[in-house]
Each structure stands twice: as structure tokens, then as C-alpha cells.
Amino acid sequence: MLRLDLAQEPRLLEIEANTRERLGEAQRMQWLGEVAGLQESLRHIAVKKQQAERLRAQAGQGENGAGSLS
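Each value, and the rule that gives it
- Residues numbered from 1 in each chain as written.
- Predicted model: local features only at pLDDT ≥ 70, side-chain atom pairs only at ≥ 80, totals over all residues.
- Heavy atoms only, no water.
- Core = buried A, V, L, I, M, F, W, Y, C linked by side-chain atoms within 4.5 Å.
- Buried < 20%, exposed > 50% of the residue type's maximum accessible area, 1.4 Å probe, protein only.
- Contact = heavy atoms within 4.5 Å.
- Salt bridge = Lys/Arg side-chain N within 4 Å of Asp/Glu carboxyl O.
- Helix = DSSP H or I, 4+ residues; strand = E, 2+ residues; numbered from the N terminus.

Draft legend 1. Examining the nonpolar core more closely. Among the nonpolar cores identified, the biggest contains seven residues, and these are L12, L23, A26, V35, L38, L42 and I45. Setting aside anything within four residues of it in sequence, one finds A26 in contact with W31, E34, V35 and L38.

Next comes the structure, spelled out in C-alpha cells:
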């Protein structure tokens, strides 16, 4: 899976959108194995998005902390 840094977040969102589109097609076509795989991918993407939120929060704290030392 994608090693995450905040610069890659737009790519993560593209991957999520593409996966959702593919999931819709798989559901319409009743490709049950593909549906299960894509749902699992979306779960992993959600975890990566949570990691991005934590990284953003840590980066914000670092900037606030650095500013208070000046």
C-alpha cells in the first residue's frame, strides 16, 4: 500500500474516487469477488486517510510549538 506523506494526499483521494467507481461497476455487474476486494481496498484507504489526518495534526502542532519558542 501507499507509504503516506501529506504531499501524496491528493493521489490518495484520486485512488479512493477510482476505487469507488470500480466498486459501483462491480456491484452492477454482480462481480462478488471484485466487490469484496474493492471494499477491502476502501477500508485500507480509510486507514491511510486517518493517518493523513494525524500527520496533519502533528504538523500543525509542530508549527505551533515552533512559533511559541520564538
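Anyway, onward from the coordinates.
Draft legend 2. Local environment of the pattern of salt bridges. Inspection of the entire model under this criterion finds seven salt bridges. E9 is the partner of R56 in a salt bridge, and the nearest nitrogen-oxygen pair spans 2.3 Å. With a gap of 47 residues between them, R56 in helix 2 (residues 32-69) and E9 in helix 1 (residues 9-29) connect regions that are remote in the sequence. Note on E9: relative accessible area 16%, which makes it buried. We note a salt bridge from E16 to R20, for which the minimum N-O separation is 3.2 Å. Of this pair, E16 and R20 both sit in helix 1, four residues apart, which is roughly one turn of the helix. Assessed through its relative accessible area of 12%, E16 is described here as buried. One connected set of salt bridges, linked through shared partners, spans E9, E53 and R56.

Shape is all these values report; function is a separate question.
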